[in-house]
Every structure is written in structure tokens, then in C-alpha cells.
Amino acid sequence: MLRTREQVRVLGPGDRDAFIALAEQDPVVNVFADYRARLTNLDERWLGGQVWGRFEGDRLVAGCHLGANLVPVQCTPADVGAFADAALRRRNTVGTIVGLADVVSALWELIEPRWTTPREIRPDQPHLEMQRLPTIAVDPRVRLTTPQDLDVLYPACVAMYTEEVGVSPENDAGGGDLYRARIRQLIGRGWSMASFDEHGVVFKAEVACVTPYAAQVQGVWVRPDRRGEGLATSGMAAVVSHIISSGTAPVVSLYVNEWNAPARAAYARVGFEQTATFATLMF
């Protein structure tokens, strides 16, 4: 039961500034939700979902992004009960629950009896940050991709997604057309970087979202036949150098699976440090 003067409701454009201020309490961890609020102004037509907030009096104290991704924002484990019913009403549209591990665990404990079984649970994902230029050598072959690279880049993106998530993005509604459009959009924004050889993509990574505080990197991949050459390290050094030097964002973040020892070692060599622990449930 809610305490006196508490309110839980859907947020709209009039709540944009309050929600961004909430996300800014931990702006790197909350980069996804912050980015989505700035991009959509919390208008449901553009969100493709909803953002909910919990208020104490007039003060927004916790939030939850409910779209294809369910993402708690500045929630403690005690806060998540406020959003359980809203989450359950949208469970058919949620593909991923992701956020701070203790918060995701507390939410899942509440909603699991009425939710479908996750396809995979990743309970321990180090969240990494870096806010300086790398001191190691960057790969000079890693560059921003162009629209002319799309036909070569797209199969590598599909391969990365399938390897990472366990299903092909081409299996989703709309097949490859929507995923290709997403890659084209990242290229157009200058958020896609890669290196190439005569056989195709060697290394690639994308920026998933950007705010004034941080850029979150996703989709880091090295072609299997070129693994073990240190290309992830020098490639990520190039990505971090570009993001910071270009003024895209002052901090670069990502999260990685705990069991992925080669990736974690590469990120550590670049200079990333763990600042939090995430968890992801995939459906």
C-alpha cells in the first residue's frame, strides 16, 4: 500500500524535466532512460511504450521505462513494487528487463509468478565506465561507417546479435528490414564504427545512446577468424578515443557478461573500470 501523499502514474511531456533530473542523479547508469526522455519528450507516440513515476508529494523519486525494454530508474529494491502492476499489464511487449542487479532481482521476485519464463537470465553483468582517452595504441583502421558500408556491415551486425542474444534479429516481426533500418540509422548518426579487410568486417561497435553525460556502447564484435589478435582492445580504444575527442560525450559506458573473460580483459586493457552491476532477463 502506498504511503501518505504518494502517487504512481504514467509520465508525459510535462514531466520530462523532472524525469531527466531523476535520471541525472546517476547519469551514466541511467543513460538509456535519460536518452529516451530527451529523444521522445515522454510522448507515448514516440516512446513506443510508457514511462511511469512514483511521487512523494510533488517530488518524483523513482521511475520505470516500460517499452520493449523495461528499465527501472533510480529505484531501490523497495521501490519496484510501485511499478509491478504496470509492468504486468505490458508484459506482452517487454523483450528485456535490464538494470541494476539488486533492483531487477527484487522486481522479478514480485512479477515472476505472472510472467512468462525468461529465455535467459544474466544476473551478473559488470557495468563499466571510462572518462579519459586510452593510453594504449588505437587501431587506425577503425573508422566511422558510411551508407556505402551497409551491405557489408549488416551481416556482421546480424552475426553479433545472434551470438550475443541467442536468436537472430531477422526472426523478429518485420524480419531483417527493421534491423537493417536500425543499422542504417546508426550509420547516419555517426554512431557506427568498424574496420574491414577483404573478407568483410573485422571489428565493429555502435553507440546505442548519448546524453550530455555519457555514451553507451553496444554491439562490440570481432569476426571469429580474427579473434585472439588483440583487435577488440585496439578497436575499443579507437571507439573511446573518437567518442571523447569528438565531444560526443565525456564518459563511455557499457555492460558485459560476467562470463565473457576475453571481453572483460580487453575492456580492462583499454581502461574501463566497473562502477555497478547490471542484470538482464531476456524473453
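Labelled according to an unreviewed UniProt entry, the chain appears under the name GNAT family N-acetyltransferase, originating from Nocardioides pinisoli.

Visitor: Tell me about the packing of aromatic side chains, and name the residues and values.
Guide: Tallied over the full model, the rule gives eight aromatic pairs. Pairing Y161 with Y179 gives two aromatic rings, centres 5.5 Å apart and planes at 65°, and the pair type is edge-to-face. Of this pair, Y161 sits in helix α6 (residues 150–165) while Y179 sits in helix α7 (residues 175–189), and the two are 18 residues apart along the sequence. Here Y255 and F278 contribute two aromatic rings whose centre-to-centre distance is 5.0 Å and whose plane-to-plane angle is 45°, an arrangement assigned as tilted. In this pair, Y255 sits in strand β11 (residues 252–255) while F278 sits in strand β12 (residues 273–282), placing the two residues 23 residues apart along the sequence. R180 extends its terminal NZ or CZ atom over the ring of Y154, reaching a point 4.3 Å from the ring centre. The positively charged end of R189 is found above the aromatic ring belonging to W191, 5.1 Å away from the centroid.

Visitor: Any chance you could break down the environment of Y161 for me, citing the residues and the numbers?
Guide: Under the relative-accessibility criterion, Y161 is labelled partly exposed at 23%. Considered as a pair, Y161 and V220 are 59 residues apart in the sequence and their alpha carbons are 9.7 Å apart. Leaving out residues up to four positions away in the same chain, Y161 has contacts with G166, V167, S168, P169, D172 and Y179.

Visitor: Would you mind going over the nonpolar core in detail, with residue names and values included?
Guide: Grouped burial of nonpolar side chains is what soluble globular proteins tend to show. By size, the foremost hydrophobic cluster in this structure holds 55 residues, and its most contacted members are I183, M236 and F272. Broken down by element, this core gets its largest block of residues, eight residues, from strand β9 (residues 200–210). Formed by 24 residues, the second largest nonpolar core is a distinct cluster that contains C64, A86, A101 and I111.

Visitor: Can you explain the pairing of β9? Please cite residues and give values.
Guide: Burial within β9 is extensive, with 11 of its 11 residues counted as buried. Count of turn residues in the strand β8 (residues 192–197)/β9 antiparallel hairpin: two residues. The pairing of β9 with strand β10 (residues 215–222) spans six bridges and is antiparallel. The residue of β10 that forms the bridge with V210 is A215.

Visitor: Before we move on, can you summarise the state of the cysteines with the specific residues and values?
Guide: Applying the stated criterion to the full structure yields zero disulfides. Sulfur of C75: no disulfide; nearest cysteine sulfur belongs to C64 and is 6.1 Å away.

Visitor: So what's going on with the pattern of salt bridges? Residues and values would help.
Guide: Under the defined criterion, the tally for this structure stands at 21 salt bridges. D15 is the partner of R9 in a salt bridge, and the nearest nitrogen-oxygen pair spans 2.9 Å. Residues R114 and D85 are paired through a salt bridge, measuring 4.0 Å at the closest nitrogen-oxygen approach. With a gap of 29 residues between them, R114 in the loop between α5 (101–111) and β6 (120–130) and D85 in helix α4 (residues 84–89) connect regions that are remote in the sequence. Its relative accessible area of 46% is what places D85 among the partly exposed residues. Because the salt bridges share partners, they merge into one network encompassing D197, R223, D225, R226 and E229.

What counts as what
Residues numbered from 1 in each chain as written. Predicted model: local features only at pLDDT ≥ 70, side-chain atom pairs only at ≥ 80, totals over all residues. Heavy atoms only, no water. Phe/Tyr/Trp six-rings, centres within 6.5 Å; stacked < 30°, edge-to-face > 60°. Helix = DSSP H or I, 4+ residues; strand = E, 2+ residues; numbered from the N terminus. Lys NZ or Arg CZ within 6 Å of the ring centre and 35° of its normal. Buried < 20%, exposed > 50% of the residue type's maximum accessible area, 1.4 Å probe, protein only. Contact = heavy atoms within 4.5 Å. Core = buried A, V, L, I, M, F, W, Y, C linked by side-chain atoms within 4.5 Å. Pairing = 2+ DSSP bridges. Disulfide = S-S within 2.5 Å. Salt bridge = Lys/Arg side-chain N within 4 Å of Asp/Glu carboxyl O.

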